[in-house]
Amino acid sequence: MTGDMTPIPAPATPPTQGVPGWPTPPKLLVTSAPPPDPSTPLAPIEVRNVSRWYGNVVAVNDVSFSLGAGVTGLLGPNGAGKSTLLHLMSGFLRPSAGWVYVGGGPAWRRPELYRQVGLVPEREAVYSFLTGFEFARFNARLQGLPDPDGAASRAIEMVGLEDAQHRQIGTYSKGMRQRAKVAGALVHDPPVLLLDEPFNGMDPRQRLSMMELLRRMADEGRTILFSSHILEEVERLAQQVLVVVAGRLAASGDFRAIRKLMIDRPHEFTVRSSDDRRLATALIGHPAVFGVELQSGALVVRSSDFAAFAAAIATVARSSGVSLFELLPTDESLESVFAYLVER
């Protein structure tokens, strides 16, 4: 690898305030990450001790990871820092501290990066007056491809927009506009693909088709990173997962192991029945239950095993002569899952 590797200096005045309850930001964020060794082969995406802040707002907090070929899901609640990380990897943002290398070189201020990366941003990035084909061809010309028409046709076919390719994008549905954006990102056949919430607006059939396309591209050796706040999308597609919460990397690795960690966390349920007090007495002795609390008009049950409790509640109620009216998990939002991972 060649090129200038001058370290990126930290701002003269790093944040002195941050998220309430966090440690002092300068101690967390200003890390002395050395530049990558030019003699050491780099993965397609290398992020080392990267932080990004805006004044006193910490968007990304000392994050490190390395990605090779395959599909990786960037999972987290809205506002977790997923888009900021993707913008850092796309060369749109300069790290406040740390290093971002993509395709063997720094992401920041390296125009040749865009020959190697395809980016699908979350925000609308299409021209409504162009047809789908014209938009793909426009991107092919920007890449300086020798046959922009042929490249555009191949990209349109890959995303399944052949029937609508000569209609103006302004007439497209949300899902079709998403596919047009993907076509523009694929037109130069990049080895690295970065997608920010790529399935927004797609119907179930379109989602399945897009997932199959991304799997096929990963099998061909490409490095694909996509962000989502929907657990099921990541579960279906990703081989590896990065879990980001409040700008920090809460967990990373094989999705099944992380998913198991999420399932094994404490769960809270709200139960309404014909006799909450009797049901509470019966549940106290169950091995999956470690806490019960009678509240106004309901019973709150805390369980260490979601599946075991869900399977047992009906049997326990029936054997106690109690009728169940309602059973709701009350702590199952995505935000609560990731907050739990951070606390672990």
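Position numbers for residues count from 1 along each chain, tracking the sequence in the order it is written. Thresholds applied to this predicted model are a pLDDT of at least 70 for local features of residues and 80 or more for the giving and counting of side-chain atom pairs; totals over whole chains, interfaces and linings are not thresholded and use all residues. The basis for the side-chain values is all heavy atoms of the structure; hydrogens and waters are excluded.

### Considering the pattern of salt bridges
For clarity, the threshold we go by: Within this document, salt bridges are pairs made up of a side-chain nitrogen of Lys or Arg and a carboxyl oxygen of Asp or Glu, the two lying within 4 Å of each other. We count a stretch as a helix when DSSP gives it H or I for four or more residues in a row; a strand needs E for two or more, and each element gets its number in order from the N terminus.
Applying the stated criterion across every chain, the model contains 10 salt bridges. Residue Glu212 is joined to Arg215 by a salt bridge in which the shortest nitrogen-to-oxygen separation is 3.6 Å. One end of the pair, Glu212, and the other, Arg215, are both in helix H6 (residues 204-219), 3 residues apart, so they sit about a helical turn from each other. With its nearest N and O atoms 3.8 Å apart, the salt bridge here joins Asp275 to Arg278. Members of the salt-bridge network, linked through shared partners, are Asp189, Glu220 and Arg222.

### Re the packing of aromatic side chains
Heads up, the condition is: For this analysis, a ring pair means two rings from Phe, Tyr or Trp (six-membered ring only for Trp) whose centres lie within 6.5 Å, classed as stacked if their planes differ by under 30 degrees, edge-to-face if by over 60, and tilted for the remaining angles. Throughout, exposure labels follow a simple rule: accessible area from a 1.4 Å probe, protein chains only, divided by the maximum for the residue type, with under 20% read as buried, over 50% as exposed, and the rest as partly exposed.
All told, the structure shown has 6 aromatic pairs when counted by the stated rule. With a centroid separation of 5.8 Å and an interplanar angle of 90°, the aromatic rings of Tyr127 and Phe138 are classed as edge-to-face. Here the residue Tyr127 occupies a position in the loop between strand S6 (117-120) and helix H3 (132-142), and Phe138 occupies one in helix H3, the gap between them amounting to 11 residues. Considering the side-chain rings of Phe269 and Phe309, the 4.6 Å spacing of their centres and the 35° angle between planes classify their relative orientation as tilted. One end of the pair, Phe269, is in strand S11 (residues 267-273); the other, Phe309, is in helix H10 (residues 306-319), and 40 residues separate them in sequence. Under the relative-accessibility criterion, Phe309 is labelled buried at 1%. These aromatic residues form a ring-pair network of at least three members: Tyr127, Phe129 and Phe138.

### Some words on the packing of H3 against helix H4 (residues 148-158)
Applied cut-off: Here an axis means a line fitted to C-alpha atoms, over the contact stretch when the element is a helix, while the angle between two N-to-C directions is reported on a 0 to 180 degree scale. Every angle not falling under 35 degrees, over 145, or within 65 to 115 is termed oblique; those three ranges are roughly parallel, roughly antiparallel and roughly perpendicular. Helix crossings get a hand from a simple test, with the near helix turned counterclockwise from the far one by less than a right angle marking a left-handed crossing and a clockwise turn marking a right-handed one. Two residues qualify as a contact provided that any one of their heavy atoms is within 4.5 Å of a heavy atom in the partner residue. All residues other than Ala, Val, Leu, Ile, Met, Phe, Trp, Tyr, Cys, Pro, Asp, Glu, Lys and Arg, Gly among them, are scored as polar; the first ten of these are nonpolar and the last four charged.
The N-to-C vectors of H3 and H4 enclose an angle of 125°; their axes lie 8 Å apart at closest approach. Taken together, the axis directions place H3 and H4 in an arrangement best described as oblique. Considering only the axes of H3 and H4, their crossing is right-handed. Judged by residue contacts, Gly132, Phe133, Ala136, Arg137, Ala140 and Arg141 of H3 engage Pro148, Asp149, Ala151, Ala152, Ser153 and Ile156 from H4. Partitioning the contact of H3 with H4 into residue classes produces 7 nonpolar, 2 polar and 3 charged.

### What to know about the sheet that holds strand S5 (residues 105-106)
Rules: By this definition, two strands are paired if DSSP reports at least two bridges between them.
What the 4 strands build is an open sheet, ordered S2-S1-S4-S5; its pairing is antiparallel. Edge strands, defined here as strands with exactly one partner in the open sheet, are strand S2 (57-67) and S5. The sheet contact formed by strand S4 (residues 97-102) and S5 spans 2 bridges and is antiparallel. Paired with Val102 across the bridge in S5 is Gly105. Along the sheet face, helix H2 (residues 82-89) touches strand S1 (45-54), S2 and S4 and points at about 60° away from the line of S2.

### A word on the sheet that holds strand S3 (residues 70-75)
Strand order across the open sheet formed by 6 strands is S6-S7-S8-S3-S9-S10, with mixed pairing between neighbours. At either end of the open sheet lies a strand with only one pairing partner, and these are S6 and strand S10 (248-254). Shown here is a sheet whose adjacent strand axes are inclined to one another by a mean of 15°, direction ignored. For strand S9 (residues 240-245) and S10, the ladder comprises 6 bridges, and the chain directions are antiparallel.

### Some words on the confidence of the model for the protein
So the rule is basically this: A score between 0 and 100, pLDDT records how confident the predictor is in each residue.
In the predicted model, the protein carries a mean pLDDT of 85, and the fraction of residues at 70 or more is 82%. Scored below 50 in pLDDT, residues 1-32 shows 54 contacts in the model against residues more than four places distant or in partner chains.

### Overview of the side chain of Gln143
Basically, it comes down to this: For this analysis, a polar contact is any N or O atom pair within 3.5 Å, provided that within protein one partner can donate a hydrogen and the other can accept it, and provided that sequence-adjacent residues contribute only side-chain to side-chain pairs.
Structurally, Gln143 can be placed in the loop between H3 and H4. Taking the relative accessible area as the measure of exposure, Gln143 reaches 18% and is therefore buried. Reaching out from Gln143, the side chain makes a polar contact with the backbone oxygen of Tyr114 at a distance of 3.1 Å. Residues within four places of Gln143 in sequence aside, it is in contact with Tyr114, Arg115 and His188.

### Here we look at the packing of helix H5 (residues 174-186) against H6
Taken N-terminus to C-terminus, the directions of H5 and H6 make an angle of 15°; their axes are 11 Å apart at the nearest point. The orientation of H5 with respect to H6, classified from their angle, is roughly parallel. Both H5 and H6 take part in a crossing whose hand is left-handed. Side by side, H5 and H6 meet where Gly175, Met176, Arg179, Val182 and Leu186 of the first sit next to Gln206, Met210, Leu213 and Met217 of the second. Taken together, the residues that form the contact of H5 with H6 break down as 6 nonpolar, 2 polar and 1 charged.

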